Every structure is written in structure tokens, then in C-alpha cells.
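So the chains spell out like this:
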Amino acid sequence: MKYSPYIKPRKRARTQVVLPKSFYFKRFRLIIPKFLKIFSALVLIVFLLTIVFKTSVFNLQTENIEIKGSGFFVDEREFKEKVYSYTLGKNITKLNTPKIEAELLKEFPSIKDIDIQRRLPPHLIISIEERTPLFAVHNENSNDVYMIANDGYVLGKVNERY
């Protein structure tokens, strides 16, 4: 059947299906438990993050810091004092380990590399790689002997007892 360009066909009236109220209540009852689960999970996450970042549970004490690899060319007592000044009483999650590594390398030139690892519950592991002396150089003017590392770094004067 062809329509005239001047006469538009009638649109059919759509009838709306009216759903019973019980249908909406059933949907509502299905949505509420999901919403409560999501909401309670979010509250739990916020609570745990508050515990981790705000309480003193994750603060470092001296028995939680382990230092490996020091002792021959690095004075262990002096090194521990420096590490404690940077870390004691601070939250392990807020420690800036690259900055601490850089500061310790600057303070102790006989250290070749430092690796700081964080473990939970708060435990800090500091691994040190010391420079190894390759040879000694004698200065005839001052009668001192200096140790030179294998990468060309001067480790310092040799004590008289050696």
C-alpha cells in the first residue's frame, strides 16, 4: 500500500504495561543486599588504611631493623646510629627509602651499594655492599698509606696497627 506524500500514516498508539508494585519491591530487595555489601567493604578498607597509616602499630623500633653486610670498612655502631636517626619511630609505610639510601651513601663513602627492603609487620632489612680494597698506595711525603678500591675510590688511611 502506497501512501500519498501529503498524508502521513497514523502512528499506532503504544500501550504501557503497568507492572504490579510487588515487581518493584522484589527489585528493591535484590539491590539492597548488594549495596550493603559494597558499602561495608568500603568502610572496612577505609578502616584498615587508617590503621596502617595513622596508628603506631607500624612504627619502627630498634629490634625491627636488621643490617647485613657491614663491619669491616664501615663502623657498624656509627652506621646503626645514622640508620636509627632516619627510621626510628617512623611509620614503615611512609619511609622514603631512596632518600635514605642516598643519604647513607653520602655519609659512608666506603659503601658501594645499599638496598633497603620493607617487610610487614614492620621490619626493615638493610643490605650493604662494601667496597673492597685492591691495593695500597704509600705517600712518601706524609708517610701515610691509603687503600684504593677496585673502582678507583680512595677508601682512606690504613691504621698503624695494619
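Scroll up to find the structure.
Let me begin by describing the structure that accompanies this report. Just so it is clear, the model here is predicted, and its values are computed rather than measured.

A few words now on the overall build of the protein. Looking only at helices and strands, the protein has 3 helices and 6 strands in total. Reading the helices (α) and strands (β) of the protein from amino to carboxyl end gives α-β-α-α-β-β-β-β-β. Within the protein, the proportion of its 162 residues that are buried is 22%. Summarising the internal contacts of the protein: among those between residues at least 6 apart in sequence, 44% fall at separations of at least 24. Entry remark: accessible area of the protein is about 13,200 Å², with carbon and sulfur atoms responsible for 58%.

Below, the discussion takes up the pairing of strand 3 (residues 123–130). Pairing between strand 1 (residues 65–68) and strand 3: 4 bridges, direction parallel. When the bridges of strand 3 are listed, Glu66 appears paired with Ile125. Pairing geometry for strand 2 (residues 111–119) and strand 3, over 8 bridges, is antiparallel. Looking at strand 3, one finds that Arg119 is bridged to His123. Here strand 2 folds back onto strand 3, and the loop between the two strands holds 3 residues.

Quick notes on the rules
Residues numbered from 1 in each chain as written. Predicted model: local features only at pLDDT ≥ 70, side-chain atom pairs only at ≥ 80, totals over all residues. Heavy atoms only, no water. Helix = DSSP H or I, 4+ residues; strand = E, 2+ residues; numbered from the N terminus. Buried < 20%, exposed > 50% of the residue type's maximum accessible area, 1.4 Å probe, protein only. Contact = heavy atoms within 4.5 Å. Areas by Shrake-Rupley, 256 points an atom, 1.4 Å probe, with all protein chains shown as cover. Pairing = 2+ DSSP bridges.

Any functional reading would require information beyond the geometric quantities listed.
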